[in-house]
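Residue strings, one per chain:
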Amino acid sequence: MLKNRHEWLIQIFDTGEHITLADATRQDRQTWFNALLKEKALVHSGNVSRLLCPQCDEPHDIIVDPATFKGYCVDAGHVSFTANQVMQYQASHTWLIEATRKSLSIA
């Protein structure tokens, strides 16, 4: 069982996992997710290619409009997704290196 958001961050880093706010909410870790974003420990890494379509209630491929960062369900056509829904996040290498330096008191 993970005790805090930093253990969770290290788990994400170790597995090379990408995580969305929706995933964090399902894991009951939305507070941790938001805190890690504020700490710049999680950074934006691209767009999710498959999402659970709220209209169809099935995972579908998403086409992202690069101009608006809104996503559209390929199967349903006109279902729109917000930027927060199509962004995915990964652990920040920079943040982890800095955290390690601080913990080891390395300048």
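Residues numbered from 1 in each chain as written. Predicted model: local features only at pLDDT ≥ 70, side-chain atom pairs only at ≥ 80, totals over all residues. Heavy atoms only, no water.

Quick word on the overall build of the protein
Now for step 1: Helices and strands together make up the secondary structure of the protein, namely five helices and six strands.
Now for step 2: Each helix (α) and strand (β) of the protein, taken in turn from the N terminus, gives the series α-α-α-β-β-β-β-β-α-β-α.
Now for step 3: By principal-axis analysis of the C-alpha atoms, the protein measures approximately 55 × 30 × 20 Å.
Now for step 4: Within the protein, buried positions represent 26% of all 107 residues.
Now for step 5: Long-range contacts, defined here as pairs at least 24 residues apart, represent 51% of the contacts in the protein between residues at least 6 apart. (Helix = DSSP H or I, 4+ residues; strand = E, 2+ residues; numbered from the N terminus. Buried < 20%, exposed > 50% of the residue type's maximum accessible area, 1.4 Å probe, protein only. Contact = heavy atoms within 4.5 Å.)

Topic: the pairing of strand β4 (residues 70-73)
A regular strand places its side chains on the two faces of the sheet in alternate fashion.
Now for step 1: Of the two faces of β4, the one holding Gly71 and Cys73 is buried and the one holding Lys70 and Tyr72 is not buried anywhere.
Now for step 2: Direction of pairing for strand β3 (residues 59-65) relative to β4: antiparallel, over a ladder of four bridges. Bridge assignment links Ile63 to a residue of β4, and that residue is Tyr72.
Now for step 3: With two bridges connecting them, β4 and strand β5 (residues 80-81) associate as antiparallel partners. Bridge assignment links Gly71 to a residue of β5, and that residue is Phe81. (Pairing = 2+ DSSP bridges.)

So, the sheet that holds β5
Now for step 1: The strand order β2-β3-β4-β5 describes an open sheet built from four strands, whose pairing is antiparallel. The open sheet terminates on both sides in strands that have one partner only, identified here as β2 (50-52) and β5.

Describing the environment of Asn4
Now for step 1: Assignment of secondary structure puts Asn4 in the segment before α1 (5-15).
Now for step 2: According to the relative accessible area criterion, Asn4 is partly exposed, its value standing at 31%.
Now for step 3: Within the structure, the side chain of Asn4 is placed 2.9 Å from the backbone nitrogen of His6, a separation counted as a polar contact.
Now for step 4: Within the local environment of Asn4, its side chain forms a polar contact with the backbone nitrogen of Glu7, the two atoms lying 2.9 Å apart. (Polar contact = N/O pair within 3.5 Å; in protein donor to acceptor, adjacent residues only side chain to side chain.)

Some remarks on the pattern of salt bridges
Now for step 1: Using the criterion set out here, one finds three salt bridges in the structure.
Now for step 2: Of the charged contacts, one joins Glu39 and Arg5 as a salt bridge, the two residues approaching to 2.5 Å between their closest N and O atoms. Of this pair, Glu39 sits in the loop between α3 (30-38) and β1 (42-47) while Arg5 sits in helix α1; the two residues are 34 residues apart in sequence, bridging distant segments of the chain.
Now for step 3: Residue classification places Arg5 among the partly exposed positions, given a relative accessible area of 26%. (Salt bridge = Lys/Arg side-chain N within 4 Å of Asp/Glu carboxyl O.)

Some points on the confidence of the model for the protein
Now for step 1: Mean pLDDT for the protein: 82, with 92% of residues reaching 70 or above.
Now for step 2: Confidence scores differ between elements of the protein, with helix α4 (residues 83-86) showing the lowest mean pLDDT of 72 and α3 the highest of 95. (pLDDT = per-residue confidence, 0-100.)

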